[in-house]
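Geometric and topological summary
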There are 2 protein chains.
Amino acid sequence: MDIKTPDWVKSSVFYQIFPDRFAKTQHPKPGLWQPKNLEPWDTLPTPQGYKGGDLWGVIEKLDYLQELGVNAIYFTPIFQSACNHRYHTHDYYQVDPMLGGNLAFEALLDAAHQRDMKVVLDGVFNHASRGFFFFNDILENGSHSPWVDWFRIIDWPLSPYDGSKPANYMSWWDIRALPQFNHDNPQVKEYLMQIGEYWVKKGIDGWRLDVPNEIKTLGFWQEFRTRIKAINPEAYIVGEIWTDAREWLDGTQFDGVMNYLLTEKILAFVGGDRLLDIYVESAPYNPYPPLSAKEYAKKIDKILNLYPWQIQLTQMNLLDSHDTARYRTVVGEDPKSIELATLLLFTSPGAPSIYYGDEIGLAGGLDPDCRRSFPPENNWDLDVLDYHKKLINLRRYCPALCTGEYQFIFANQSVYVFARLLEEQTLIIAVNISEQAEKVVIDLNQTITFNGEQILYGDVEYDWIQSKKQLNLILPARSGCILE
Amino acid sequence: MDIKTPDWVKSSVFYQIFPDRFAKTQHPKPGLWQPKNLEPWDTLPTPQGYKGGDLWGVIEKLDYLQELGVNAIYFTPIFQSACNHRYHTHDYYQVDPMLGGNLAFEALLDAAHQRDMKVVLDGVFNHASRGFFFFNDILENGSHSPWVDWFRIIDWPLSPYDGSKPANYMSWWDIRALPQFNHDNPQVKEYLMQIGEYWVKKGIDGWRLDVPNEIKTLGFWQEFRTRIKAINPEAYIVGEIWTDAREWLDGTQFDGVMNYLLTEKILAFVGGDRLLDIYVESAPYNPYPPLSAKEYAKKIDKILNLYPWQIQLTQMNLLDSHDTARYRTVVGEDPKSIELATLLLFTSPGAPSIYYGDEIGLAGGLDPDCRRSFPPENNWDLDVLDYHKKLINLRRYCPALCTGEYQFIFANQSVYVFARLLEEQTLIIAVNISEQAEKVVIDLNQTITFNGEQILYGDVEYDWIQSKKQLNLILPARSGCILE
């Protein structure tokens, strides 16, 4: 089949925002209810505490994001929810009042679109919350509820809040705060489809789908894609799938997934044995054992053969997220490991996604620590910000990085070299993970048109012998580069 | 002060609809989710059961209501709620999905307004429900909740569903399903005010306020009135106050109350000792002891002196409601008692309100029995329907019944006579509660211009001696009349 994925994603750099922690408006707006009990912005996150970020605050930061160079935002959930991460949806049609409600979101969507920034929302369609109307009705009315078959009831009575008794309903990971929809009920399926459609009609540019693998109802995601694309063929649909996602990346369901398969390979390669077990051993991705450049080459080759190329170009690539420790912390804040991973993130096929704050060196361990408040400017790591800006800029304005063919060129124990090729543009990307400088001699085959004109990124000595198609590289210890 | 109440109410006849029980659409519409567990329409009500009435069904019945002659509808709550009577509001901005949602309500409002019918909604602003977002957040987050001061918490932990432990929050009548707002929190006050404003901006013609006496925050209802009237000066604000309501009927708060003070006098007078104790002894109104006509006269005089005249004209008068047994059942289905009470309802100052089904003789004891489904036509009492139509017609098209001065004329043990006077129109209304025909001779004083032209309603023999200003009436047993 002819697989079609959204073109705009291929040249996008995403910025993932956890709304409670990114920005709090300096100019409170009407309709923004004043919460109590907010934790001070600069304290470490707690499981239940709110810092009080809001969407008016995000609007005030759009200048910053534009200057950074990102052109798409992925928001973790923004709908009304009685939880600071808002994965416990209470109402899919209302933006959370603490975020400023629908009014703030409409303003944000307008402001983002005026800057040619896309907005992707997080759709939590596997489960809802105890307060979600149709589930709450079951709590209130028990077996009399008119909506009893909207969820998966095991027995009566239900015990939503008292953990000493069986919950008696299916919930995500047996967490009773997260009752699971009965997707086999056609009414429920229709209800969820309509939510998907509603926000796309309102103008959002796509959906990131939370745990979509948990929805087993046959045809569910195929119908979702069909209905969403009927409204906006360029809407982006990206699933949270941590593993081999071929089941969902057949062209009839998602345009991509959160590409943790790539994440774990980048981390294992450039982080190697620097990764701190405490942050990864219980995580749902596996960035170990350490990979040599040769092994990395094999793993990447395997990933690139897993899915159709059009989907590779619209994968959402990332080094970390609200669901992992921050990569900076995972590698013990080793500066070179962070930079090299970022370089690979921005040069691999797929759309890079920056988890808010990574670009200024925000640290953070496992949840909830990975959800710290965005710090004031005096706490930024300006080196990190500087190479982020460079890489974002290259990624967006070098077409070969967006859609160019990926070609493996060279690997030994510590050096990995590949090319991104598109029509007249050839980029050579090289990474040396060794603690020593490495010299490599590369014979570029006849199919690659390379001119060796300039270094786009990185410290490297190079010599391009056009007649022999030979590239001699001297890569400093733990460094990488992009050559054109 | 100059008290201003909505003119349209003075010439309106209300029809009170309990939405789950009035009409179910014959042509299901998009957005109308199909409930499970509906009880058959023709079975008796149960505390938790739904019959599945909806607003599309009401639209289909507007022809019937128009032919009946009513020109205003008061809906008991229609907002999203996990309860068949919907006084447990889950979301004040959403019409219940089982009723057809906001889509159905917009269609209904349009269709009603096209017929010059007004629509008044029930505002439940004292308490919400366990699923209502800001309360649910407190259940989810406990003392960490950002909205913890939106309700009245006594201690932690809360026990919303387990009755064996203290609820630890204030609720209406200690019913833990109905947590009480903290109206002293200015944010809460603002939130509720905005709900009031929102629906008036959407086009509703007024608010019936549920248990408004429970809200003790100083100035709450004054602000509500000011803000509602600023949007629509003719919006009707009517409170559910069962007793002496002078505190709220000072012209700065409500335009009227549900006039149970009148209800109980009418019932005690025309029902007398026919009232069945079982239906009234535990009720929050007191239609006993039986009243003679002379006693009724005194009571009415007292009521009419209780409030300003402009408010008398916009009281909501009723014989029963969803909160009482149906009058038909209260009087043991005695036909004459029903007719006489209806006659007084339609001739007293204030807007008569017909509780759905009363006009076709629907019976029903205490809640939930008073909320039976509207029956099919073959179960209608056509005599009752016939005099309802006559009285509605007279009430709407005789200006004296709408706004005419009320003048007591005569009372003995069993006969009560009064006039409604407006400019050129004088109507004499007489009621005889005796089991015998009664002859009375009435000297009309010089201030009344009466022509004795015709009988507008009822079986009566009369003789009008213009020269002596003397009216001789022979009223059959348990009958009433309207003369012009």
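Parameters and conventions
- Residues numbered from 1 in each chain as written.
- Chains lettered and ligands numbered in written order.
- Predicted model: local features only at pLDDT ≥ 70, side-chain atom pairs only at ≥ 80, totals over all residues.
- Heavy atoms only, no water.
- Axes fitted to C-alpha atoms, helices over the stretch in contact; angles between N-to-C directions.
- Helix = DSSP H or I, 4+ residues; strand = E, 2+ residues; numbered from the N terminus.
- Parallel < 35°, antiparallel > 145°, perpendicular 65-115°, else oblique.
- Left-handed = near helix turned anticlockwise from the far one by under 90°.
- Contact = heavy atoms within 4.5 Å.
- Nonpolar A, V, L, I, M, F, W, Y, C, P; charged D, E, K, R; others polar.
- Least-squares fit on C-alpha atoms with pLDDT ≥ 70 in both.
- Pairing = 2+ DSSP bridges.
- Buried area = accessible area lost by both parts, 1.4 Å probe.
- Salt bridge = Lys/Arg side-chain N within 4 Å of Asp/Glu carboxyl O.
- Patch = residues over 30% accessible without salt bridge, like charges linked within 9 Å, V, L, I, M, F, W, Y side chains within 5 Å.
- Areas by Shrake-Rupley, 256 points an atom, 1.4 Å probe, with all protein chains shown as cover.
- Lys, Arg positive; Asp, Glu negative; His and termini not counted.
- Charge placed at Lys NZ, Arg CZ, Asp CG, Glu CD.
- Buried < 20%, exposed > 50% of the residue type's maximum accessible area, 1.4 Å probe, protein only.

Quick notes on the packing of helix 14 (residues 335-347) of chain B against helix 15 (residues 382-397) of chain B
Residue and element names in this part refer to chain B. The contact between helix 14 and helix 15 brings their axes to 10 Å, and the two run at 15°. As far as their axial angle goes, helix 15 and helix 14 are roughly parallel. Of the two elements, helix 14 crosses helix 15, and the hand of that crossing is right-handed. Contacts between helix 14 and helix 15 involve Pro335, Ile338, Glu339, Thr342, Leu343 and Phe346 on the former and, on the latter, Tyr387, His388, Leu391, Ile392 and Arg395. Looking at side-chain class alone, the contact of helix 14 with helix 15 contains seven nonpolar, two polar and two charged residues.

What to know about the relation of the copies chain B and chain A
Superposing chain B onto chain A requires a rotation of 180° together with a translation of 0.0 Å along the rotation axis, leaving an RMSD of 0.0 Å. Here the symmetry operator amounts to a two-fold rotation axis. Proximity to the rotation axis, assessed at the C-alpha, singles out B:Gly131 in chain B; its C-alpha lies 2.3 Å from the axis. Most of the interface of chain B is mirrored in chain A, where 100% of its interface residues again form contacts.

Considerations on the sheet that holds strand 14 (residues 438-443) of chain A
All names here are of chain A. Judged by pairing direction, the sheet is antiparallel, and its three strands sit side by side in the order 14-17-16 without closing on themselves. On the outer flanks of this sheet lie strand 14 and strand 16 (461-465), each paired with one strand and no other. On average, adjacent strands in this sheet sit at an angle of 10° to one another, irrespective of strand direction. The pairing of strand 14 with strand 17 (residues 470-475) spans six bridges and is antiparallel.

Things to note about the interface of chain B and chain A
Contact with chain B, which involves 45 residues of that partner, is made by 45 residues of chain A. Between chain B and chain A, the buried area comes to about 3800 Å², and carbon and sulfur atoms account for 55% of it. Broken down residue by residue, the surface that chain B buries against chain A is led by B:Trp33, B:Phe133 and B:Glu140, which jointly contribute 19%. Linking chain B with chain A are four salt bridges, by the criterion used here. One salt bridge in this structure joins A:Lys36 and B:Asp149, with 3.8 Å as the shortest N-O distance.

A word on a positive patch on the surface
Among the surface-exposed residues, A:Lys294, A:Lys298, A:Lys299 and A:Lys302 lie close enough to one another that they form a single positively charged patch. Structurally, A:Lys298 is set in helix 11 (residues 293-304).

A word on the pairing of strand 12 (residues 415-422) of chain B
Residue and element names in this part refer to chain B. The buried fraction of strand 12 amounts to seven of the eight residues, a majority that puts the element mostly inside the structure. One ladder, built from six bridges, connects strand 11 (residues 405-411) with strand 12; its direction is antiparallel. Within strand 12, the residue paired with Ala411 across the bridge is Tyr416. The hairpin turn running from strand 11 into strand 12, its antiparallel successor, is three residues long. Where strand 12 meets strand 13 (residues 425-432), eight bridges bridge the pair, whose relative direction is antiparallel. Residue Leu421 lies in a different strand from strand 13, and its bridge partner there is Thr426. Between strand 12 and strand 13, which pair antiparallel and follow one another directly, the connecting turn spans two residues, one of which, Glu423, has a positive phi of 45°.

What to know about the pattern of salt bridges
Following the criterion strictly, the structure yields 64 salt bridges over all chains and no others. Ionic pairing is found between A:Asp63 and A:Arg115, a salt bridge with its closest N-O pair at 2.7 Å. Taken together, the residues A:Asp63 in helix 4 (residues 62-68) and A:Arg115 in the loop between helix 5 (101-114) and strand 5 (118-123) connect sequence positions 52 residues apart. B:Lys10 serves as the salt-bridge partner of B:Asp7, at 2.8 Å between the closest nitrogen and oxygen. Taken together, the residues B:Asp7 and B:Lys10, both in helix 1 (residues 7-10) and three residues apart, mark about one turn of the helix. The partly exposed category is assigned to B:Asp7, whose relative accessible area is 44%.

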